[in-house]
Structures are given as structure tokens and as C-alpha cells.
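What follows is each chain in one-letter form.
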Amino acid sequence: MNMNKVWEVAQEVAERAGKRAETIVFTDGSITQVSGSWTANKPVWAIFQGVYKPEEVAASLIQTHEDADGMPCWPAGVAVFKQEHPEIWKQIDNSLNFI
């Protein structure tokens, strides 16, 4: 998944996430919300519960990003995203340093 898609997903999670439900992000970028017990039928990327800023969600998704072999790696296009969105990246980077 490339960095632009990570940012899209982060914005959607931040908009939808809340205190009463868990927001689940799957490795294909799809999102669902549940309350109570649940079972996933596809690989889970991250789970959020609570209220978050998009930059905090993006930082968490970057931290848990993996390649096709399951190895931790940066999403494709991070360098370009940094250049095109320096203010957003600065906030993401601050969250990365906080994690």
C-alpha cells in the first residue's frame, strides 16, 4: 500500500473512530466498526478504539506496515509524500516519535 492510500485510510479512521466501537483496518485498506466480540475473515492491519487525529492514525499504520512477506517496511511513496505534504508529514513524524 502506498503512502497516499495510508493517508486516505487514516483520515477515514479518524473521522469514524469513536469511544463506543472498535475501528478495524484490514491490510487491503478496508475499514469496519464493531462493538463486542468479532472474528476477522481477512488479515487485520490495526485496531483503533477511541478518538484520534488523522496524523496519529497514519503514524500507527506506518509503524505496523508490512511487505508481502510480512516484513516491517515503510509504505511505498513516503519520500514523495514528505515532499508534497511537508506540514502533514511533520505532524505524522511527531506522532511517530511519540509511539
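Refer to the structure above for everything that follows.
Residues numbered from 1 in each chain as written. Predicted model: local features only at pLDDT ≥ 70, side-chain atom pairs only at ≥ 80, totals over all residues. Heavy atoms only, no water.

K.L.:
Quick rundown of the packing of helix α2 (residues 54-63) against helix α4 (residues 86-98)? Include the residues and the values.
P.N.:
With their axes 8 Å apart at the nearest point, α2 and α4 run at an angle of 60° to one another. Between α2 and α4 lies a crossing of right-handed hand. Packed against α2, whose contacting residues are E55, E56, A58, A59, I62 and Q63, the element α4 presents I88, W89, Q91, I92, S95 and L96 at the interface. In terms of residue class, the contact of α2 with α4 is built from 7 nonpolar, 3 polar and 2 charged. (Axes fitted to C-alpha atoms, helices over the stretch in contact; angles between N-to-C directions. Helix = DSSP H or I, 4+ residues; strand = E, 2+ residues; numbered from the N terminus. Left-handed = near helix turned anticlockwise from the far one by under 90°. Contact = heavy atoms within 4.5 Å. Nonpolar A, V, L, I, M, F, W, Y, C, P; charged D, E, K, R; others polar.)

K.L.:
Residues and numbers for the packing of aromatic side chains, please.
P.N.:
Applying the stated criterion across every chain, the model contains 3 aromatic pairs. With 6.2 Å between their ring centres and 55° between their planes, W7 and F81 make a pair best called tilted. Placement of the pair is W7 in helix α1 (residues 3-16) and F81 in helix α3 (residues 78-84), with a sequence separation of 74 residues. Given a relative accessible area of 10%, W7 falls into the buried group. Relative accessible area serves as the criterion here: at 1%, F81 is assigned to the buried category. Consider the rings of F48 and Y52, whose centres lie 5.4 Å apart with planes at 75°: the pair is edge-to-face. For F48, a relative accessible area of 4% puts it in the buried group. A relative accessible area of 27% places Y52 in the partly exposed class. (Phe/Tyr/Trp six-rings, centres within 6.5 Å; stacked < 30°, edge-to-face > 60°. Buried < 20%, exposed > 50% of the residue type's maximum accessible area, 1.4 Å probe, protein only.)

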